[in-house]
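Each chain, written out:
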Amino acid sequence: MKILMVCLGNICRSPLAHGIMEHLAKERGLNWEIDSAGTGSWHIGQPPDHRAVSIAKKYGLDISNQRCRQFSVIDLDSYDQIFVMDETNLNDVLKQARNDQDTTKVKLLLDQQIVPDPYHDDELFDPVYRMIAAGCKAIIEWELKHKQKSKP
Ligand code: 4NP
């Protein structure tokens, strides 16, 4: 399965989601391909924000090799599922959807809440990390329960 994590800048939340999901999928022996992108273009080519890199490191993940790229309509063809962090990301990605198949691929990472933008608040990086990790775990559990079973 190919999963794309999307936020606004692709330097804080989606690089964390990318690193966490990649790690968890590997741990479970799932051959999933994970990437991330931002709806904005400000940080293209840059590594993740240093605060995202440090919080990932605190939890044992190295996300420093990731580089920012911008989301494009081609991603709706290339990925099976696209997870966004908040309603703004959701609207920005859905604006580019061309049909129902595109629309159904796009979901909020968390069911009941948004993942807040931590860019202007250093204190948010830790809770944001934990929210994203919980969301990624829930997706993996759901997939293992519902989808993998049907495979031979
Ligand atoms: P992210 O955070 O969407 O979690 O990567 C942001 C990073 C940068 C900006 C906004 C949000 N920015 O406006 O530059």
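Everything discussed here concerns the structure shown above.
All of these numbers come straight from a predicted model, not from anything done at the bench.

(A) Quick peek at the site of the ligand. Close to the ligand lie Cys7, Leu8, Gly9, Asn10, Ile11, Cys12, Arg13, Trp42, His43, Asp117, Pro118 and Tyr119. Contact distances for the ligand include 3.0 Å between an oxygen atom and a backbone N or O atom of leucine 8. Asparagine 10 places a polar main-chain atom, nitrogen or oxygen, 3.2 Å from an oxygen atom of the ligand. Here the ligand has 350 Å² of accessible area as a free molecule, and 90% of this is covered by the chains. Of the residues belonging to the shell around the ligand, the class tally is 7 nonpolar, 3 polar and 2 charged.

(B) Just helix α2 (residues 50-58), in detail. Restricting attention to buried positions, one finds in α2 the residues Arg51, Ala52, Ile55 and Ala56. Projected down its long axis, α2 carries its buried residues within an arc of 135 degrees, all on one side. Of the exposed residues in α2, the ones pointing more than 90 degrees away from its buried face are His50 and Lys57. Measuring from the side-chain oxygen of the N-cap residue of α2 to the backbone nitrogen of arginine 51 gives 2.8 Å; that N-cap residue is aspartate 49. Glycine 60 sits one or two positions beyond α2 and adopts a positive phi of about 90 degrees.

(C) Looking closely at the environment of proline 15. Looking at the element boundaries, proline 15 is found in helix α1 (residues 13-27). In sequence terms proline 15 and glycine 38 are 23 residues apart; their C-alpha atoms lie 9.4 Å from each other.

Definitions and limits used
Residues numbered from 1 in each chain as written. Predicted model: local features only at pLDDT ≥ 70, side-chain atom pairs only at ≥ 80, totals over all residues. Heavy atoms only, no water. Near = heavy atom within 4 Å. Polar contact = N/O pair within 3.5 Å; in protein donor to acceptor, adjacent residues only side chain to side chain. Areas by Shrake-Rupley, 256 points an atom, 1.4 Å probe, with all protein chains shown as cover. Nonpolar A, V, L, I, M, F, W, Y, C, P; charged D, E, K, R; others polar. Buried < 20%, exposed > 50% of the residue type's maximum accessible area, 1.4 Å probe, protein only. Helix = DSSP H or I, 4+ residues; strand = E, 2+ residues; numbered from the N terminus. Arc of directions from axis to C-beta.

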